[in-house]
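Each chain is listed here by its residues.
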Amino acid sequence: MSKSRLKLWATALLAGSIVLSGGVPTTAAEFSYNAEALPGAKPWTSEEFLNDPENFQFVVIGDRTGGANVERTFELAVEQVRLLQPEFVINVGDLIEGYSDDPAELNAEWDETDAMLERLGAPFFRTPGNHDIANATAQEVYRERYGASRYSFVYGDTLFLVLDSEDPPREAPADIKEKLDLYNRLQTDDPAAASALMQEFLSDESVVAGLAHAVEFDDGQIAFIEAALADNPDVRWTFLFLHEPAWENSSDSFKAIQEMLKDRDHTFIAGHLHYYDYDEIDGYEHITIGPAGASFHQDGPGNVDHIMWVTMTENGPEIANIALKGLFDRKGLDPSLFGAYDRKGFD
């Protein structure tokens, strides 16, 4: 469907959030054929096309950084997503390596990322990750560039809530920036040493503790969620995007968010762990999307670079995960790109 369907009719600043409203056309494509040439049996199965004008499609894409792979998987993925022509794309955080106190360095990283995203040709919605807003300086740069770290919008009678799981940012592991810089250099110079460094980093006590910590949501963010839900009581579905899968170790504040949502259809989608995982909690889907170029953190079936293709229907979302290796243009599969998609975990 045409990207022109995404029409943002109104923008308002509310309690530190951005609220966007969108409209969807109500006509579908017409089908016709020469009835005289085909008066009886037909060489097709049905004339009930899957073209409900109330349906829409969007893409969710995962972490780029936290050790962005040298094969430039995310950059290649942007072109692959463009081929699919989604109505919009939403990310679950970690687009830059970050962990810098230098605004110029942070802005340079964002400039590089934004140049990639311009090639999408579709709106791209950001969710802040720990690498994106790792400290007060990074938070200031992010909000200067992108306005808000939590916001909501409505499209196709569906509410999208983007939450900030990094406010306030937690204490960074010691020397994380230096270790990330070294890891990214070693990916080219000594891949085995890069893998060993990542294993060592992930086994560090401070990193293990950070991955296990409960994500807290302050009173301001709780109030923002309450207001967004109150303002949109009758939408057909609610999606909530956040970087860290807060349900893995639920804080009282996250349990309060789940309680707010118990009487409406909804889906949570997060990233951060660089590994695909699916949970159904109290009848509601909680999905941790895998990476799109970020370093792998563990072995297993969730260790895959992919995107999520979501079709919103009258019965709820249909979700298809597409491995990036399975997407190629009209010229065919380029074997030279296998390295970007056949990545393994730790040797």
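This is a predicted model, so every value here is computed, not measured. (Residues numbered from 1 in each chain as written. Predicted model: local features only at pLDDT ≥ 70, side-chain atom pairs only at ≥ 80, totals over all residues. Heavy atoms only, no water.)

Peer 1: I'd like to hear about the environment of Trp-309, residue by residue, with values.
Peer 2: Tracing the chain through its elements places Trp-309 in strand E12 (residues 306-313). Relative accessible area serves as the criterion here: at 18%, Trp-309 is assigned to the buried category. Counting along the chain gives 13 residues from Trp-309 to Ile-322, while the straight-line C-alpha distance between them is 7.2 Å. Beyond its immediate sequence surroundings of up to four residues, Trp-309 is in contact with Gln-57, Phe-58, Val-59, Leu-84, Pro-86, Glu-318, Ile-319, Ala-320 and Ile-322. (Helix = DSSP H or I, 4+ residues; strand = E, 2+ residues; numbered from the N terminus. Buried < 20%, exposed > 50% of the residue type's maximum accessible area, 1.4 Å probe, protein only. Contact = heavy atoms within 4.5 Å.)

Peer 1: Go over the side chain of His-131, please, and point to the residues and values.
Peer 2: Mapped onto the elements of the fold, His-131 is located in the loop between strand E5 (124-125) and helix H3 (136-146). Other than its neighbours up to four places away in sequence, His-131 contacts Thr-65, Gly-66, Asp-94, Ile-96, Glu-97, Gly-98, Tyr-99 and Leu-180.

Peer 1: Outline the packing of aromatic side chains, listing residues and values.
Peer 2: Applying the stated criterion across every chain yields a total of 27 aromatic pairs. On the basis of an interplanar angle of 65 degrees and a centroid distance of 5.7 Å, the ring pair of Trp-110 and Tyr-142 is categorised as edge-to-face. Here Trp-110 is found in helix H2 (residues 103-117), whereas its partner Tyr-142 is found in helix H3, with 32 residues between them in sequence. Relative accessible area serves as the criterion here: at 2%, Tyr-142 is assigned to the buried category. Here the aromatic cluster, defined as three or more aromatic residues joined through ring pairs, consists of Phe-56, Phe-58, Phe-88, Phe-125, Phe-153, Tyr-155, Phe-160, Phe-239 and Phe-241. Directly above the aromatic system of Tyr-146 lies the positively charged group of Arg-126, at a separation of 3.8 Å from the ring centroid. (Phe/Tyr/Trp six-rings, centres within 6.5 Å; stacked < 30°, edge-to-face > 60°. Lys NZ or Arg CZ within 6 Å of the ring centre and 35° of its normal.)

Peer 1: I'd like to hear about the pattern of salt bridges, residue by residue, with values.
Peer 2: As enumerated under the stated definition, the model contains 12 salt bridges in all. For Arg-64, the salt bridge identified is with Glu-112, shortest N-O distance 3.9 Å. Here the residue Arg-64 occupies a position in the loop between strand E3 (56-61) and helix H1 (73-84), and Glu-112 occupies one in helix H2, the gap between them amounting to 48 residues. Given the relative accessible area of 43%, Glu-112 is considered partly exposed. In this structure, Arg-126 and Asp-114 form a salt bridge, with 2.9 Å as the shortest nitrogen-oxygen distance. Residue Arg-126 is found in the loop between E5 and H3, and its partner Asp-114 is found in helix H2; the two are separated by 12 residues along the sequence. Each member of the pair, Arg-126 as well as Asp-114, is classed as buried. Sharing partners across several salt bridges, the network here consists of Asp-111, Asp-114, Arg-126 and Arg-145. (Salt bridge = Lys/Arg side-chain N within 4 Å of Asp/Glu carboxyl O.)

Peer 1: Now, about the packing of helix H4 (residues 176-189) against helix H5 (residues 191-203): what can you tell me, with residues and values included?
Peer 2: For the pair H4 and H5, interaxial distance at closest approach is 6 Å and the crossing angle is 150 degrees. Here H4 lies roughly antiparallel to H5, going by the angle between them. For the element pair H4 and H5, the recorded crossing hand is left-handed. On H5, the residues that touch Ile-176, Lys-179, Leu-182, Tyr-183, Leu-186, Gln-187, Thr-188 and Asp-189 of H4 are Pro-191, Ala-193, Ala-194, Leu-197, Met-198 and Phe-201. Of the residues contributing to the contact of H4 with H5, the split by class is 10 nonpolar, two polar and two charged. (Axes fitted to C-alpha atoms, helices over the stretch in contact; angles between N-to-C directions. Parallel < 35°, antiparallel > 145°, perpendicular 65-115°, else oblique. Left-handed = near helix turned anticlockwise from the far one by under 90°. Nonpolar A, V, L, I, M, F, W, Y, C, P; charged D, E, K, R; others polar.)

Peer 1: Could you give an account of the side chain of Thr-238, with specific residues and numbers?
Peer 2: Looking at the element boundaries, Thr-238 is found in strand E8 (residues 237-241). Accessibility expressed as a relative area gives 0% for Thr-238, which makes it buried.

Peer 1: Tell me about a nonpolar patch on the surface, and please be specific about residues and values.
Peer 2: A cluster of nonpolar side chains, namely Phe-31, Tyr-33 and Phe-49, defines an oily patch on the protein surface of about 290 Å² accessible area. With respect to the helices, strands and loops of the structure, Phe-49 is situated in the loop between strand E2 (17-23) and E3. Among the residues examined, Phe-49 registers a relative accessible area of 45% and is labelled partly exposed. (Patch = residues over 30% accessible without salt bridge, like charges linked within 9 Å, V, L, I, M, F, W, Y side chains within 5 Å. Areas by Shrake-Rupley, 256 points an atom, 1.4 Å probe, with all protein chains shown as cover.)

Peer 1: So what's going on with helix H8 (residues 252-260)? Residues and values would help.
Peer 2: Residues of H8 that are buried include every one of Ser-253, Phe-254, Ile-257 and Gln-258, and no others. Viewed along the axis of H8, the buried residues span an arc of 150 degrees, placing them on a single side of the element. Contact partners of the buried residues in H8: helix H7 (219-231), strand E9 (266-270), strand E10 (277-281) and strand E11 (284-288). (Arc of directions from axis to C-beta.)

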